[in-house]
Amino acid sequence: MSLELFLLLAAALFSVGLFGALTQQSIVMLMMGLELMLGGVIVGAAAVWHHIAPAAADGQVLVVLAVTVMAVEMAVGFAVVTALFRAREVDMTDMAAELKE
Amino acid sequence: MLDDVIFWALALLAVAAGVMVFRFDSMARATYALLTSLLCVGGEVLLLGLDYLGVVIVLMMTIEMAIMAVFMVMYMMNPAGLMPMTMVHNKKGAAVICAAVFAVLAAGILLAPWPSRRGRASADPTRDLGRSLMGPQMLTMMTLGVALFATIVVTVVLATRRGRYDRFGDDLKARTADDPVRGGVGR
């Protein structure tokens, strides 16, 4: 398995996640797209660590960072959806856009 | 040879499950498809020799998707997919953008002169990670810790039903909250 194959997998996951983040109206589904994009980042960072600089732990730290971002994104996302639903009974991005008015 | 087979199996399953997340009508199935995709990501990380991080990803994603399934049932209007409906906008435009992003990324990946491998992984990469986080990457670890703590505070504040203005009103000098049930000593 070459570095390029792992990075192509990462790019595919990132692109599929981007499609979900761009198209989905439900905020929860939008968050699923973001999770897939971060999954791609994790595969890419781990592959770069393994194939380019396995002696240094910096690539592993990047994976830890991405995993933490996933956890934070999900927790804050659900809290925002909860607050939004309490305030306006809205769970769709198109309806949430009215909040800026 | 075995590693190649495992890589291709996990990679194809990860991408296929990722695509199915946005094709299933049932929100529960979409959650399990995302779980499958992210478990495959954990498997790929294990394949790269990062045992600790791979297991962390597998455990974390399992729990995270279980929580996500609960939230989907709470908020989605059609969690079981019994009445198929589309909740998407600008599907064609997004597909073009995503195909272009993948093409640009793939071109960069295939055309970039990647540096050759420098050094060898130690026998225990987990120990290297721990020593790095407790040494030269201490600032990263501290930042992550503060971010996680801030996340706990922010999520509680956002999700709580009664906020500061609900309890104390507009008067910033108010000493007692207007709670429906009084608490504390002498109630």
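Residues numbered from 1 in each chain as written. Chains lettered and ligands numbered in written order. Predicted model: local features only at pLDDT ≥ 70, side-chain atom pairs only at ≥ 80, totals over all residues. Heavy atoms only, no water.

Colleague: Can you break down the environment of B:Met87 residue by residue, with the values?
Modeller: Mapped onto the fold, B:Met87 is located in the loop between helix H3 (51-75) and helix H4 (91-111). Separated by 51 residues in the primary sequence, B:Met87 and B:Met138 place their C-alpha atoms 44 Å from one another. (Helix = DSSP H or I, 4+ residues; strand = E, 2+ residues; numbered from the N terminus.)

Colleague: Describe in detail the packing of aromatic side chains, supporting the description with residues and values.
Modeller: Scanning all chains against the criterion turns up three aromatic pairs over all chains. With centroids separated by 5.4 Å and ring planes inclined at 75°, the aromatic side chains of B:Phe7 and B:Trp8 adopt a geometry described as edge-to-face. Exposure remark for B:Trp8: the relative accessible area of 42% places this residue in the partly exposed category. Three or more aromatic residues link up through ring pairs in this structure, and these residues are A:Phe6, B:Phe7 and B:Trp8. (Phe/Tyr/Trp six-rings, centres within 6.5 Å; stacked < 30°, edge-to-face > 60°. Buried < 20%, exposed > 50% of the residue type's maximum accessible area, 1.4 Å probe, protein only.)

Colleague: Which residues make up the UniProt feature "transmembrane region" (unreviewed entry) in chain A, and what values do they have?
Modeller: Residues and elements named next belong to chain A. If you check UniProt for "transmembrane region" (unreviewed entry), the listed places come out as residues 30-49 and 61-85 in our numbering. With 100% helix and 0% strand, residues 30-49 has end C-alpha atoms that lie 29 Å from one another. Between the end C-alpha atoms of residues 61-85 the distance is 36 Å, and the span holds 100% helix and 0% strand. (UniProt positions renumbered as here; feature names shortened; annotations may be inferred.)

Colleague: Summarise the interface of chain B and chain A; cite the residues concerned and give the values.
Modeller: With 74 residues of chain B in contact, the opposing surface of chain A contributes 67 residues. Taken over both partners, the interface formed by chain B and chain A buries close to 6,500 Å², and the fraction arising from carbon and sulfur atoms is 80%. One can count zero salt bridges joining chain B with chain A. Our enumeration of links across chain B and chain A arrives at six residue pairs in polar contact (both at pLDDT 80 or more). Of all elements in the fold, only helix H1 (2-21), helix H2 (27-47), H3, H4, helix H5 (125-133) and helix H6 (138-159) of chain B reach the threshold of two or more residues within the side of chain B that touches chain A. Considering only residue class, the side of chain B that touches chain A consists of 51 nonpolar, 13 polar and ten charged. (Contact = heavy atoms within 4.5 Å. Buried area = accessible area lost by both parts, 1.4 Å probe. Salt bridge = Lys/Arg side-chain N within 4 Å of Asp/Glu carboxyl O. Polar contact = N/O pair within 3.5 Å; in protein donor to acceptor, adjacent residues only side chain to side chain. Nonpolar A, V, L, I, M, F, W, Y, C, P; charged D, E, K, R; others polar.)

Colleague: Got a sec to walk through H5(B)? Specific residues and values, please.
Modeller: Within the span of H5(B), buried status applies to B:Pro125, B:Leu129, B:Ser132 and B:Leu133. Buried residues in H5(B), looked at end-on, bunch into an arc of 95°, giving them a common side. Exposed side of H5(B), more than 90 degrees from the buried face: B:Arg127 and B:Arg131 are the residues found there. Turning to H5(B), the residues buried within the fold contact helix H2 (27-51) and helix H3 (58-88) of chain A together with H3 and H6 of chain B. (Arc of directions from axis to C-beta.)

Colleague: Any chance you could break down the nonpolar core for me, citing the residues and the numbers?
Modeller: By size, the foremost hydrophobic cluster in this structure holds 67 residues, and its most contacted members are A:Met32, A:Ile42, A:Val63, B:Leu34 and B:Met68. Those elements giving two or more residues to this core turn out to be helix H1 (3-23), H2 and H3 of chain A together with H1, H2, H3 and H5 of chain B. The dominant element in this core, judged by the number of residues it contributes, is H2(A), at 13 residues. Split by domain, this core shows at least three residues from each of two domains, domain 1 (1-80) and domain 2 (129-178) of chain B. Beyond its immediate stretch of four places on either side in the chain, A:Ile42 contacts A:Val63, A:Ala66, A:Val67, A:Met70, B:Val41, B:Val45 and B:Ile57. Counting six residues, the second-largest nonpolar core is a separate cluster that includes A:Leu18, A:Ala21, A:Met37 and B:Ala94. (Core = buried A, V, L, I, M, F, W, Y, C linked by side-chain atoms within 4.5 Å. Domains from an automatic or database assignment.)

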